[in-house]
Amino acid sequence: GENVEQHPSTLSVQEGDSAVIKCTYSDSASNYFPWYKQELGKRPQLIIDIRSNVGEKKDQRIAVTLNKTAKHFSLHITETQPEDSAVYFCAASPNFGNEKLTFGTGTRLTIIP
Amino acid sequence: NAGVTQTPKFQVLKTGQSMTLQCAQDMNHEYMSWYRQDPGMGLRLIHYSVGAGITDQGEVPNGYNVSRSTTEDFPLRLLSAAPSQTSVYFCASSYLGGPTYGYTFGSGTRLTVV
């Protein structure tokens, strides 16, 4: 089955700086790559996703890039704010949707005021 | 529109007891799934369903059963609870083929097995 590795496990960034979280996946058939944000004690929420026919997608301060050849994808957060502090999960699926979606182990992002 | 409703929010079980975690959604989502979340291990898929009457195993199915008799409900049964099943359990639902793919998660059930 799919294996998703996520790095780093923890990340501290000065407010206003950028944060980058990287993931690699093992199954070349994977074609859907969402990112979820989970605040302390709350449920995960989708923040952005990308499909394999797209190399990059941006939504305001958040962007995701995908390199299918290398089988890795990254989350970029610019101009970080205290409310960006949370655990972020990447995930991969072979079905252009959530069927058999496999998550990474998460990155705890702390924004230092 | 309540989204995904999970009950109970907290539960303590003794080893060997059985119980059912309830999950219901009112968004007419075809796809429903159960994940467990453990520290440092992310979210691991237990079982999933692509529609009423259809279920399949995920990454960590042992010790759990599911059924999907209606589109709305997807209960998770622990057959004989073990301490290794202490975890936070999330139910999630989504459309299968669009228009949007994002999961809607329930609020979670924190289960402790003693």
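Remember, predicted model here, so these are calculated numbers, not experimental data. (Residues numbered from 1 in each chain as written. Chains lettered and ligands numbered in written order. Predicted model: local features only at pLDDT ≥ 70, side-chain atom pairs only at ≥ 80, totals over all residues. Heavy atoms only, no water.)

Moving on, we get to the nonpolar core. Here is a general trend for soluble globular proteins: nonpolar side chains tend to be buried in one another's company. In this structure, A:Trp35, A:Phe73, A:Leu75, A:Tyr88 and A:Leu109 are the most contacted members of the largest nonpolar core, which totals 24 residues. Elements with a contribution of two residues or more to this core: β2 (10-14), β3 (19-25), β4 (32-38), β5 (45-51), β7 (62-67), β8 (72-77), β9 (86-92) and β11 (107-112) of chain A. Ignoring anything within four residues of it in the chain, the contact list for A:Leu109 reads A:Leu11, A:Val13, A:Ala19, A:Ile77, A:Asp84, A:Ser85, A:Ala86 and A:Tyr88. Counting 20 residues, the second-largest nonpolar core is a separate cluster that includes B:Leu13, B:Cys23, B:Ile46 and B:Cys91. (Core = buried A, V, L, I, M, F, W, Y, C linked by side-chain atoms within 4.5 Å. Buried < 20%, exposed > 50% of the residue type's maximum accessible area, 1.4 Å probe, protein only. Helix = DSSP H or I, 4+ residues; strand = E, 2+ residues; numbered from the N terminus. Contact = heavy atoms within 4.5 Å.)

All names here are of chain B. The four strands lie next to each other as β1-β3-β8-β7, forming an open sheet whose pairing is antiparallel. A single partner strand is all that each edge strand has here, and the edge strands are β1 (4-7) and β7 (64-66). Taken pair by pair, the neighbouring strands of this sheet meet at an average axis angle of 20 degrees, ignoring direction. Judged from the three bridges that link them, strand β3 (residues 19-25) and strand β8 (residues 76-78) form a sheet pairing that is antiparallel. Its bridge partner lying in β8, Thr20 is registered against Arg77. (Pairing = 2+ DSSP bridges. Axes fitted to C-alpha atoms, helices over the stretch in contact; angles between N-to-C directions.)

With that out of the way, let us pick up the interface of chain B and chain A. If you look at the interface, chain B gives 20 residues, while chain A gives 19 residues. Together chain B and chain A conceal approximately 1,600 Å² of surface at their shared face, both sides included; 57% is due to carbon and sulfur atoms. For chain B, the biggest contributors to the area lost against chain A are B:Leu43, B:Tyr101 and B:Phe105; these three give 35% of the whole. For the interface between chain B and chain A, the tally reads zero salt bridges. At the junction of chain B with chain A, the criterion picks out five residue pairs in polar contact (both at pLDDT 80 or more). Of all the elements in the fold, those that place two or more residues in the side of chain B that touches chain A are β4 (31-37), β5 (43-51) and β9 (87-94) of chain B. In terms of residues, the side of chain B that touches chain A owes the most to one element, β5(B), which gives four residues. (Buried area = accessible area lost by both parts, 1.4 Å probe. Salt bridge = Lys/Arg side-chain N within 4 Å of Asp/Glu carboxyl O. Polar contact = N/O pair within 3.5 Å; in protein donor to acceptor, adjacent residues only side chain to side chain.)

Enumeration according to the criterion identifies two disulfides over all chains in this entry. Here A:Cys23 is linked by a disulfide to A:Cys90, with a sulfur-sulfur distance of 1.9 Å. On the sign convention where negative means left-handed, the S-S torsion of about -100 degrees between A:Cys23 and A:Cys90 marks this disulfide as left-handed. Taken together, the residues span a long stretch of sequence, with A:Cys23 in strand β3 and A:Cys90 in strand β9 at a distance of 67 residues. An identical accessibility class is assigned to A:Cys23 and A:Cys90; each is buried. The disulfide partner of B:Cys23 is B:Cys91, and the gap between their sulfur atoms is 1.8 Å. Judged by the sign of its S-S torsion, about -70 degrees, the cystine formed by B:Cys23 and B:Cys91 is left-handed. With B:Cys23 in strand β3 and B:Cys91 in strand β9, this pair connects stretches of sequence that are 68 residues apart. Residue B:Cys91 is classed as buried on the basis of its relative accessible area of 0%. (Disulfide = S-S within 2.5 Å.)

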